[in-house]
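# Residue-level structural notes
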Amino acid sequence: MQDTIAIAIDGPAAAGKSTVAKIVAKELSYVYIDTGAMYRALTLKALRNGARLNVEEDMHQLLMTTTIDLQQTGDGQRVLLDTEDVSLDVRSQEVTTQVSYVAVHGKVREEMVNRQRQLAEKKGVVMDGRDIGTHVIPDAEVKVFLIASVSERAERRHKENMEKGFPSDMEQLKEEIRMRDKIDSEREVSPLVKADDAIEVDTTSLTIDEVANRILSIVQDQLK
Ligand code: CDP
Ligand code: CDP
């Protein structure tokens, strides 16, 4: 029987990856790593610096002089950009609409993946993103690919915005989700795609707990 394993959770925007990954990590006392937050932190810094997001060399240079730390908190993680807590800033609308343009660059991805593999070196990790099962931890013992319809995903983000008192428009959310799915799936370097050995879970009509329990039961089977 194995003691601890690596769990890779991939899928498109708002499929429920981070919510469910946090629950699974807490339940197993594993470390949770949100790789999207790393791409978001770099994008935030680039926007603040007025850097050219579409120029690979500029984004790579910027990353090489940037530290991004993911700190575990009771029920999630804190994102530190060069020691500043940017956990809220990385979720801004501007970062969300721009991040996929930064994430297309091969050199940026190579460096991010190196950093992510170091974080995953110790087993007992739940990592979520777009290329975790295919590229970052291809030998992860459990790989899950979460999907949900575009309408359901937009509805989820809409609810989140309403709860936070943020302005929100369903049509705009659908468009943003479609756009990000397209860029993430069509990029040349490690695009968003289900790993051959990943288990696909359609979460469209599942609650958060149902999805978390489904993953925990896949993990239990693996640990037997
Ligand atoms: O939470 P949400 O699904 O909206 O996005 P995220 O996981 O924070 O990721 C933001 C963006 O970072 C994605 O749309 C991808 O462009 C990029 N990303 C990536 O390319 N590879 C990863 N492993 C994680 C995120
Ligand atoms: O990380 P990702 O972008 O894949 O999604 P998320 O941020 O974990 O989830 C987006 C929203 O959907 C959150 O507000 C979750 O509470 C909600 N959610 C849901 O309503 N039902 C699920 N089965 C999963 C997530």
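Every residue gets a number counted from 1 within its own chain, in the order that chain's sequence is written. To read the labels, note that chains go from A and ligands from 1, taken in the order they are written. Local features in a predicted model are, by the rule used here, given only for residues with pLDDT of at least 70; side-chain atom pairs are given and counted only at 80 or more, and totals for whole chains, interfaces and linings are based on all residues. Values reported for side chains reflect all heavy atoms of the structure, with hydrogen atoms and water molecules removed beforehand.

## Quick notes on the packing of helix 2 (residues 35-49) against helix 4 (residues 93-102)
Where we set the bar: For helices, the fitted axis covers only the stretch in contact; all axes are lines through C-alpha atoms, and the angles between them, taken along N-to-C directions, range from 0 to 180 degrees. Think of it this way: any DSSP run of H or I at least four residues long counts as a helix, any run of E at least two long counts as a strand, and we number them from the N terminus. By definition in this entry, angles of less than 35 degrees are roughly parallel, angles greater than 145 are roughly antiparallel, angles of 65 to 115 are roughly perpendicular, and the rest are oblique. Two residues form a contact once any of their heavy atoms are found within 4.5 Å. Only Asp, Glu, Lys and Arg are considered charged, only Ala, Val, Leu, Ile, Met, Phe, Trp, Tyr, Cys and Pro nonpolar, and every remaining residue, Gly among them, polar.
For the pair helix 2 and helix 4, the least separation of the axes is 9 Å and the interaxial angle reads 105 degrees. Relative to helix 4, helix 2 is oriented roughly perpendicular. Only Glu94, Val95, Thr96, Gln98, Val99 and Val102 of helix 4 make contact with helix 2, whose side of the interface consists of Tyr39, Arg40, Leu42, Thr43, Leu44 and Leu47. Residue composition of the contact of helix 2 with helix 4, grouped by class: 7 nonpolar, 3 polar and 2 charged.

## A word on unusual backbone geometry
Note: most residues except glycine have negative phi, and most peptide bonds are trans. The phi torsion at Thr83 lies on the positive side, around 75 degrees, for a residue other than glycine. With respect to the secondary-structure elements, Thr83 resides in the loop between strand 4 (76-81) and strand 5 (84-85). Of note, the phi angle at Ser190 is positive, near 30 degrees, even though the residue is not glycine. Tracing the chain through its elements places Ser190 in the loop between helix 8 (170-186) and strand 8 (199-202).

## Concerning the nonpolar core
Heads up, the rule is: The set of buried Ala, Val, Leu, Ile, Met, Phe, Trp, Tyr and Cys residues whose side-chain atoms join them within 4.5 Å is what this entry labels a nonpolar core. Burial classification: accessible surface area is computed with a 1.4 Å probe over protein chains only, and a residue below 20% of its type maximum counts as buried, one above 50% as exposed, and the rest as partly exposed.
One finds Leu42, Ile68, Val79, Val108, Met112, Met127 and Ile137 to be the most contacted residues of the largest nonpolar core, which totals 34 residues. Among the nonpolar cores identified, the runner-up in size contains 23 residues, and Ala25, Val144, Val201 and Leu223 belong to it.

## Focus on the UniProt feature "domain: Cytidylate kinase" (unreviewed entry) in the chain
Defined as follows: UniProt positions are given in the numbering used here, feature names are shortened, and annotations may be inferred rather than shown by experiment.
According to UniProt, the positions carrying the feature "domain: Cytidylate kinase" (unreviewed entry) are residues 7-220. Helix and strand shares over residues 7-220 are 51% and 17% respectively, and the end C-alpha atoms of the span are 12 Å apart.

## Re the pairing of strand 6 (residues 125-129)
Quick note on the threshold: Should DSSP find at least two bridges between two strands, the strands are taken to pair.
Among the 5 residues of strand 6, 5 are classified as buried, and the element is accordingly described as predominantly covered. Two elements, strand 1 (residues 6-10) and strand 6, share 5 bridges in a ladder whose sense is parallel. Opposite Ala8, over in strand 6, you have Met127 as the bridge partner. As paired strands, strand 2 (residues 31-34) and strand 6 are joined by 4 bridges and run parallel to one another. Paired with Asp34 across the two strands is Asp128, which belongs to strand 6.

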